[in-house]
Amino acid sequence: DASAQVEEKKARTKVAAIGSEVTYGAASFTNYPIELQKLLGDSFEVRNYGECKSIVLDKSTLTGTDYTWKTMGNYTGLNDYHSSLNWKPDVAIFNFGINELGTYLTSTHSSLNWTNGANSTAASEFVKDYTALVKEYEAVGAEIYIANTITVADETVGVAAVNSVIEKMARDNG
């Protein structure tokens, strides 16, 4: 009966996967929210709120010769941000950091680099804006999980610095 199906659907734990293109995925591979749904099973509903080229930093212009990398968006200005908050997930899994590496940022964040790791200007800006984003999901009742970013061959040092900051931020915010 239809009412039983509605009740069953309401009882599912809502999981929002939030992040950049690592979350969104690409045609060449499956994304982790699809795999997570398979692992968690029918008592969970996993939705992919990944936005390609998104960042948590409050400034969003990138440099580059490739047209697709000229502009990035702050996640809070994108449709998936609003949709995911309105959905009021029970669980929110975050995966940002790969696009925040200083290599791509323009003069808006020209002083940002990850050379000094947790003591860098990039780290303080990243933590401030990432923490603010996470707090918005806590406010709608979501249990929070923050994932490290992926390792990229030409950004190994930067990724290590970003991940150390993410881990510290997660510890500091419970």
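Residues numbered from 1 in each chain as written. Predicted model: local features only at pLDDT ≥ 70, side-chain atom pairs only at ≥ 80, totals over all residues. Heavy atoms only, no water.

Colleague: Can you help me understand the pattern of salt bridges in this one?
Modeller: Should their charged atoms come close, side chains of opposite charge can pair. Taken as a whole and assessed by the stated rule, the structure comprises five salt bridges. Lys38 is paired through a salt bridge with Glu35; the nearest N and O atoms lie 3.3 Å apart. Within this pair, Lys38 and its partner Glu35 are both found in helix H3 (residues 32-40), separated by three residues, close to a single helical turn. The exposure class assigned to Lys38 is exposed, which follows from its relative accessible area of 59%. Classification of Glu35 as partly exposed rests on a relative accessible area of 31%. Between Glu45 and Arg47 there is a salt bridge, and its shortest N-O distance comes to 3.1 Å. (Salt bridge = Lys/Arg side-chain N within 4 Å of Asp/Glu carboxyl O. Helix = DSSP H or I, 4+ residues; strand = E, 2+ residues; numbered from the N terminus. Buried < 20%, exposed > 50% of the residue type's maximum accessible area, 1.4 Å probe, protein only.)

Colleague: What exactly am I supposed to notice about the sheet that holds strand E6 (residues 143-146) here?
Modeller: The pairing of strands in a sheet happens through backbone hydrogen bonds and is either parallel or antiparallel. Ordered by their spatial adjacency, four strands build an open sheet running E2-E1-E5-E6, and the pairing between neighbours is parallel. Bordering the open sheet on either side are strand E2 (44-50) and E6, each of which pairs with just one other strand. Neighbour-to-neighbour, the strand axes of this sheet turn through a mean angle of 20°, independent of strand direction. The pairing of strand E1 (residues 13-19) with E2 spans seven bridges and is parallel. For Ile18, the partnering residue across the bridge sits in E2 and is Tyr49. (Pairing = 2+ DSSP bridges. Axes fitted to C-alpha atoms, helices over the stretch in contact; angles between N-to-C directions.)

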